[in-house]
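# Fold and contact review
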Amino acid sequence: MGKAFRLISSVMTLAIVVSVSGCSILGGGNDPRKGKGVNQADGIKQEWVNIDFTMTPVDPTGTIPTASVPTDPTVPTDLTVAPAGNVSVPDKNDYANEVEAWLALCSAIVGNDLKTAEAMINEYFGIFLVVRETNDSSYDTRFYDVNITVDDVVFDSLYISANKDSGKVFQVNISLYRDDDNPGLQVYKDFYNKIVDRYGAPETDMDEDEDFLYSFYALDNGCSCNINVYYVPGYSSFTFDFEDYSLIY
């Protein structure tokens with residue numbers, strides 16, 4: 001009778017433990033991170049999974065077993081910068097300043113495919129680009145979060161666009177966003193002066209608005225670029241856009 005009681009008691013205890021664990025694993029209970037009135041399960045596809053309750057044998061020596069973490073195949077484990085192959089990447093030292101060197105790099109990038117363009121940027125800056133998102137509604141565009149420096153200015157956003165039919169890159173765009181109105185405006189003035197020194201006065205120079213400046217320049221080999229800044233108290237953004245629109249069609 002005593003053995004039967006202990007057996008029934010053990011089974012009931014195990015059932016309670018599994019029930020409590022199941023609430024935690026499957027999302028039950030009160031989660032203090034949930035917002036008030038928000039049902040986090042709305043719109044989420046729920047699937048039952050088989051849970052393996054196999055116990056790990058105890059090591060009599062007292063050593064704690066270490067678990068191996070699976071490798072995410074989408075994240076490169078070797079971040080060695082891949083060379084750009086036979087495509088020539090400009091040397092910053094060959095130019096009067098880094099703005100001119102960046103223009104030369106963009107000019108070398110357009111006309112190549114997206115993979116080559118990425119490799120050229122990787123080699124130039126010594127980085128490894130990771131695609132944040134893509135958009136192929138009109139063109140093949142890849143967006144990246146970056147931390148790259150041109151003429152002592154740190155840019156945090158980059159995108160590259162290519163013709164969907166030919167696969168050739170026609171646009172390179174870098175931007176920065178700051179919680180301050182001064183940096184973007186000062187960057188605009190510095191880049192403006194350096195581009196004017198190299199290519200002369202812009203074809204379009206717009207400063208009618210108090211919070212927005214824009215200028216457009218015709219460059220070598222039929223390419224062009226434009227720079228613009230938007231600034232209000234407590235915020236500014238600066239964009240440097242390079243295009244070869246003959247490659248769009």
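Before any of the text, the structure's been laid out above.
Cut-offs applied
- Residues numbered from 1 in each chain as written.
- Predicted model: local features only at pLDDT ≥ 70, side-chain atom pairs only at ≥ 80, totals over all residues.
- Heavy atoms only, no water.
- Pairing = 2+ DSSP bridges.
- Helix = DSSP H or I, 4+ residues; strand = E, 2+ residues; numbered from the N terminus.
- Axes fitted to C-alpha atoms, helices over the stretch in contact; angles between N-to-C directions.
- Contact = heavy atoms within 4.5 Å.
- Polar contact = N/O pair within 3.5 Å; in protein donor to acceptor, adjacent residues only side chain to side chain.
- Parallel < 35°, antiparallel > 145°, perpendicular 65-115°, else oblique.
- Left-handed = near helix turned anticlockwise from the far one by under 90°.
- Nonpolar A, V, L, I, M, F, W, Y, C, P; charged D, E, K, R; others polar.
- Expected span 1.5 Å × (residues − 1).
- Buried < 20%, exposed > 50% of the residue type's maximum accessible area, 1.4 Å probe, protein only.
- Core = buried A, V, L, I, M, F, W, Y, C linked by side-chain atoms within 4.5 Å.
- Salt bridge = Lys/Arg side-chain N within 4 Å of Asp/Glu carboxyl O.

### Considerations on the sheet that holds strand β5 (residues 204-206)
- Spatially, 8 strands are ordered β1-β2-β3-β4-β8-β7-β6-β5 in an open sheet, and the strand pairing comes out antiparallel. Only two strands of the sheet have a single partner each, and these edge strands are β1 (131-135) and β5. The sheet shows a mean angle of 15 degrees between the axes of neighbouring strands, taken without regard to direction.
- As paired strands, strand β7 (residues 224-232) and strand β8 (residues 235-243) are joined by 9 bridges and run antiparallel to one another. In the sheet register, Ser224 faces β8, and the bridge partner there is Glu243.
- Sitting on the sheet, helix α2 (residues 98-109) is in contact with β2 (140-150), β4 (169-178), β7 and β8, with an inclination near 50 degrees to β8.
- Where helix α3 (residues 114-125) meets the sheet, it contacts β1, β2, β3 (153-162) and β4, and its direction lies at approximately 5 degrees from that of β2.

### A closer look at the side chain of Ser215
- Tracing the chain through its elements places Ser215 in strand β6 (residues 212-218).
- One polar contact links Ser215 to Tyr217, side chain to side chain, over a distance of 2.9 Å.
- In this structure Ser215 touches Tyr188, Tyr192, Pro202, Thr204, Asp205, Cys225, Asn226 and Ile227, once residues within four positions along its chain are discounted.

### What to know about the packing of α2 against helix α4 (residues 181-199)
- At a minimum axis separation of 9 Å, α2 and α4 run at an interaxial angle of 70 degrees. Of the possible angle classes, the one that applies to α2 and α4 is roughly perpendicular. In the crossing of α2 with α4, the sense of the turn from one axis to the other is right-handed. Mapping the contact onto sequence places Val99, Glu100 and Leu103 in α2 and Phe191, Lys194, Ile195, Arg198 and Tyr199 in α4.
- Here the contact of α2 with α4 is built from residues that sort into 5 nonpolar, no polar and 3 charged.

### Re α3
- Compared with an ideal rise of 1.5 Å per residue, which puts 12 residues at 16 Å, α3 spans 17 Å between its outermost C-alpha atoms and is within 8% of the ideal.
- All buried positions along α3 are accounted for by Leu114, Thr116, Ala117, Glu118, Ala119, Met120, Ile121, Asn122, Tyr124 and Phe125.
- Where α3 is buried, its residues meet α2, β1, β2, β3 and β4.
- Structurally, the start of α3 carries an N-cap: the backbone nitrogen of Lys115 is 3.3 Å from a side-chain oxygen of Asp113.
- Where α3 terminates, the next one or two residues include Gly126, which has phi positive at roughly 70 degrees.

### Here we look at the nonpolar core
- By size, the foremost hydrophobic cluster in this structure holds 49 residues, and its most contacted members are Trp102, Phe155, Leu158, Phe191, Ile227, Phe238 and Phe240.
- In terms of residue count, the dominant contributor to this core is α2 (7 residues).
- Contact partners of Phe240, with chain neighbours within four places excluded, come to Val99, Trp102, Leu103, Val172, Asn173, Ile174, Phe191, Ile195, Cys225, Asn226 and Ile227.

### What about the pattern of salt bridges?
- Under the counting rule described, the total for this entry stands at 6 salt bridges.
- Residue Arg132 is joined to Glu133 by a salt bridge in which the shortest nitrogen-to-oxygen separation is 2.6 Å.
- Put simply, Asp220 and Arg198 hold a salt bridge, and the shortest N to O gap is 3.0 Å. Of this pair, Asp220 sits in the loop between β6 and β7 while Arg198 sits in helix α4, placing them 22 residues apart in sequence.

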